[in-house]
Amino acid sequence: MNASSKDWQGESVTALAGLAVEAMPAMELIYLDALAVHLMGPDAPVAPYSIEHGTAVVSLLLRAAADSAAIEAPVEPGDEDAVAVPARTAVVAGAHRFAERGGHGVHQLVTRLIGAVVGELERLKETPDAQVASLFHYGLLALASGPQNQASAETAESLQATFRLWDRRIGDGFVPAWRLVSAE
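Throughout this description, residue numbers start from 1 for each chain and increase along the sequence as written. Local features in this predicted model are restricted to residues of pLDDT 70 or higher, and side-chain atom pairs are both shown and tallied only at a pLDDT of 80 or more, whereas totals for entire chains, interfaces and linings draw on every residue. With hydrogens and water excluded, all non-hydrogen atoms of the structure serve as input to the side-chain values.

**So, the nonpolar core**
Stated formally: In this description, a nonpolar core means a group of buried Ala, Val, Leu, Ile, Met, Phe, Trp, Tyr and Cys residues linked to one another through side-chain atoms lying within 4.5 Å. Think of it in three bands: with a 1.4 Å probe and only protein chains considered, a residue is buried below 20% of the maximum accessible area for its type, exposed above 50%, and partly exposed in between. Numbering of helices and strands starts at the N terminus; helices are DSSP runs of H or I of at least 4 residues and strands are runs of E of at least 2. By the convention used here, residues are in contact when the closest approach between their heavy atoms is within 4.5 Å.
Grouped together as the largest cluster of nonpolar side chains are 46 residues, with contacts concentrated most on Leu16, Met27, Tyr31, Leu140 and Leu143. Looking at this core, the elements with two or more residues in it are helix 1 (5–18), helix 2 (24–40), helix 3 (51–67), helix 4 (85–100), helix 5 (103–123), helix 6 (128–145) and helix 7 (153–171). Contacts of Tyr31, omitting those with residues within four sequence positions, involve Val57, Leu60, Leu61, Ala64, Leu135, Phe136, Gly139 and Leu140.

**What about the pattern of salt bridges?**
Here is the rule: By salt bridge we mean one thing: a side-chain nitrogen of Lys or Arg within 4 Å of a carboxyl oxygen of Asp or Glu.
Scanning the model with the defined rule gives 9 salt bridges in all. Put simply, Arg179 and Asp33 hold a salt bridge, and the shortest N to O gap is 2.8 Å. Note that Arg179 is positioned in the segment after helix 7 and Asp33 in helix 2, a separation of 146 residues in sequence. Residue classification places Asp33 among the buried residues on the basis of a relative accessible area of 16%. For Arg169, the salt bridge is made with Asp81, and the minimal N-O distance between the two is 2.8 Å. With Arg169 in helix 7 and Asp81 in the loop between helix 3 and helix 4, this residue pair connects regions lying 88 residues apart in the sequence. On the basis of relative accessible area, Arg169 is assigned to the buried category, the value being 11%. You can call Asp81 buried: its relative accessible area is 6%. Ionic contacts of the salt-bridge type, sharing partners, join the residues Glu28, Glu80, Asp81, Arg88 and Arg169 into one network.

**Things to note about the environment of Gly103**
As for its placement among the helices and strands, Gly103 is situated in helix 5. Overall, the relative accessible area of 30% leaves Gly103 in the partly exposed class. For the pair Gly103 and Gly10, spaced 93 residues apart in sequence, the C-alpha separation works out to 6.6 Å. With residues near it in sequence (within four places) discarded, Gly103 still touches Gln9 and Val13.

Below is the structure:
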């Protein structure tokens, strides 16, 4: 990547500032899909984990925030989505608070999250599926916490319920539109 450090920070600020509750299902699915490919695919990272591994995961989170506005809602919201409302609202509010701080806010988010990512990768090194679940939770919780690093138990529980909702949908056969292969 030839972009300077300031460029990716500016893009991240724009993505976080533009994140909307309506785009959260897309952001969640993009992030979850990217985590699964990264951690369970053929090029999955292996222990010992480092800052570079943490940086890769944080990049997936920021890319999901940036790409979410361009993706149509992946599913029609239903009653089961009510469990995700507190998390989605908190993630958007936290993302906006980080964005208000500009590059400093993005830097704060990244430095806070990298250590947690590396720790979770190492702690769960024998179970890539648990790594995916944990990093989905930690990534979105870091956003929801905002620059003040404050999140409620309700937000944390809602994030776990949101993961279970996506896990159930995918287990029932849901496939993201970008994973569908044309029969032509």
